[in-house]
Amino acid sequence: MKKKRWIPVLVCVIISLCVCGVLGFQYQDLNGRYQKLEIEASQLQENNSGLNEELADSAAQLEEKEKYIEGQKDYISELSEQIQDFGNEDSTEDSWEDSSEDDWSSTNKSEDDPYPNLYADKDDLPVQSGQKYVYLTFDDGPSSLTPKVLDILDEYNAHATFFVVAANNEEYEEYLSEIVERGHTLALHSYSHNYNQIYRSVNAFLEDYEKLYDWVYEETGGYSPCLFRFPGGSNNGSSYIVNNIIKEMERRGFTHYDWNVSSGDGSNLTTTENIIDNVCSNVGYIDNPVILMHDGPGKNATLTALPTVLQKLSDAGYEFRSLDQNSEPVQYRQSK
Ligand SMILES: [Zn+2]
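Small disclaimer: the values here were computed from a predicted structure and weren't measured. (Residues numbered from 1 in each chain as written. Predicted model: local features only at pLDDT ≥ 70, side-chain atom pairs only at ≥ 80, totals over all residues.)

1. Observations concerning the overall build of the protein chain
- The number of helices and strands found in the protein chain is 8 helices and 8 strands.
- Every one of the 336 residues in the protein chain was classed for burial, and the buried ones make up 30%.
- Of the contacts formed within the protein chain by residues at least 6 apart in sequence, a portion of 82% connects residues at least 24 apart. (Helix = DSSP H or I, 4+ residues; strand = E, 2+ residues; numbered from the N terminus. Buried ≥ 20, exposed ≤ 12 C-beta atoms within 10 Å, placed from the backbone. Contact = placed C-beta atoms within 7 Å.)

2. As for the nonpolar core
- Leu136, Phe162, Val164, Val279, Ile291 and Val309 are the most contacted members of the largest nonpolar core, which totals 57 residues.
- A per-element tally of this core places helix H8 (residues 300-315) first, with 6 residues.
- The contacts of Val309, once residues within four sequence positions are left out, are Ile276, Val279 and Cys280. (Core = buried A, V, L, I, M, F, W, Y, C linked by C-beta atoms within 7 Å.)

3. A short note on helix H7 (residues 272-280)
- Along H7, the residues that are buried comprise Ile275, Ile276, Asn278, Val279 and Cys280.
- For H7, the secondary structure elements touched by its buried residues are strand S6 (261-262), strand S7 (290-294) and H8.

4. As for the pairing of strand S2 (residues 160-165)
- Across the 6 residues of S2, 6 count as buried, placing the element largely inside the fold.
- Residues Ala160, Phe162 and Val164 of S2 are buried on one face, and the alternating residues Thr161, Phe163 and Val165, pointing to the opposite face, are buried as well.
- Bridge count for strand S1 (residues 132-139) against S2 is 4 bridges, and the pairing is parallel. Note on S2: the bridge partner recorded for Asp139 is Phe163.
- Following the backbone out of S1, through helix H2 (residues 146-155) and into the adjacent parallel S2, one traces a crossover that is right-handed.
- Here S2 runs beside strand S3 (residues 185-190); their pairing, made up of 5 bridges, is parallel. Bridging across to S3, Phe163 finds its partner in Ala187.
- The parallel pair S2 and S3 is bridged by helix H3 (residues 174-181), and the resulting crossover is right-handed. (Pairing = 2+ DSSP bridges. Right-handed = clockwise from strand over helix to strand, strands pointing away.)

5. Quick look at the packing of H7 against H8
- Packing of H7 against H8 leaves a shortest axis separation of 8 Å and a crossing angle of 35 degrees. The two elements H7 and H8 meet at a crossing, and its hand is right-handed. Listed contacts from H8 to Thr272, Ile275, Ile276, Val279 and Cys280 of H7 are Ala301, Thr302, Thr304, Ala305, Thr308, Val309, Lys312 and Leu313.
- Considering only residue class, the contact of H7 with H8 consists of 8 nonpolar, 4 polar and 1 charged. (Axes fitted to C-alpha atoms, helices over the stretch in contact; angles between N-to-C directions. Left-handed = near helix turned anticlockwise from the far one by under 90°. Nonpolar A, V, L, I, M, F, W, Y, C, P; charged D, E, K, R; others polar.)

6. Some details on unusual backbone geometry
- Here Gly141 and Pro142 are connected by a cis peptide whose omega angle stands at 0 degrees.
- Mapping Pro142 onto the fold places it in the loop between S1 and H2.
- The phi torsion at Asp140 lies on the positive side, around 75 degrees, for a residue other than glycine.
- Relative to the helices and strands, Asp140 resides in the loop between S1 and H2.
- The backbone phi angle of Asn288 is positive, close to 45 degrees, even though this residue is not glycine.
- Along the polypeptide, Asn288 turns up in the loop between H7 and S7.
- Residue class for Asn288 comes out partly exposed when judged on the 15 C-beta atoms lying within 10 Å of it.

7. Here we look at the confidence of the model for the protein chain
- Here the protein chain averages 82 in pLDDT, and 75% of its residues register 70 or above.
- Low confidence marks residues 85-109, where pLDDT is under 50. Its contacts with residues over four positions away, or in another chain, come to 1 contact. (pLDDT = per-residue confidence, 0-100.)

8. Notes on the environment of Ile152
- Position of Ile152 relative to the elements: it lies in helix H2.
- Sequence separation between Ile152 and Pro307 is 155 residues; the distance between their C-alpha atoms is 6.6 Å.
- With sequence-adjacent residues up to four places away left out, Ile152 is seen in contact with Leu306, Pro307 and Leu310.

Below you can see the structure in the form of structure tokens.
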């Protein structure tokens, strides 16, 4: 009898040991899996932060490219205007159909040029009788370049017109007063300079312009600009909207000015030499030339070109004037 009493106890002990063993094994297994998952989670987190950084980089690159494209749009619209003018003026019967095999680029002055002597000496500007005036205009400032531009203009006793932009230029607001005090014309260009925004509707344009007007008025202690220039020129945007903007702005007493000579500095690829050549080679063919230049951020090539441009035009007998409401408007689009 005594022996039989021990048997169930022994069986219970053995079963308990087995259950403990199985549970222990399962615990270890689960613990192992948990640690593995933890490692995977931390790896995923690392990957995720890496991807986030890449995404931020790409967004910054995209923004830079958008800015570049906007600059190019400016430049293309200038070029298309020049091409249009050229087409209108040059309606001779000459056929250029045979030139299909030519593959010219405008800067084809390389050693392979088969006609190396065929270059007009454009430095000698045509002489006109009486006083000649030239109107230098600077868009997209004020920037850190503006005081240097003002100093160079002073050296040549030159007056100019500054079509200003507020966005990203707020820290240079003190130069607005300086432009006025030194006898130049301060004019409106855009608060945001964002084509998609301002050319959406007449109201969108007016909203942008009122903000800019207020900024100029406050910073200068009451200077009231009366001239403006459309970003990209008045041939930008839908003709319906721009025509209505012109009508509305004229009703409000403003006159818009485009340009008839471009320095080509809208593109950051334009060199100092290009700028000097673009200006000095073309002013002589136009009465009262209004020259497009920029004093916005990064326009160092313009700054470097400016003394030579001023010297050459002074030598050719030009007087540098600011635009005012009595100056003859240069307008690609006019109110109808
Ligand atoms: Zn502009």
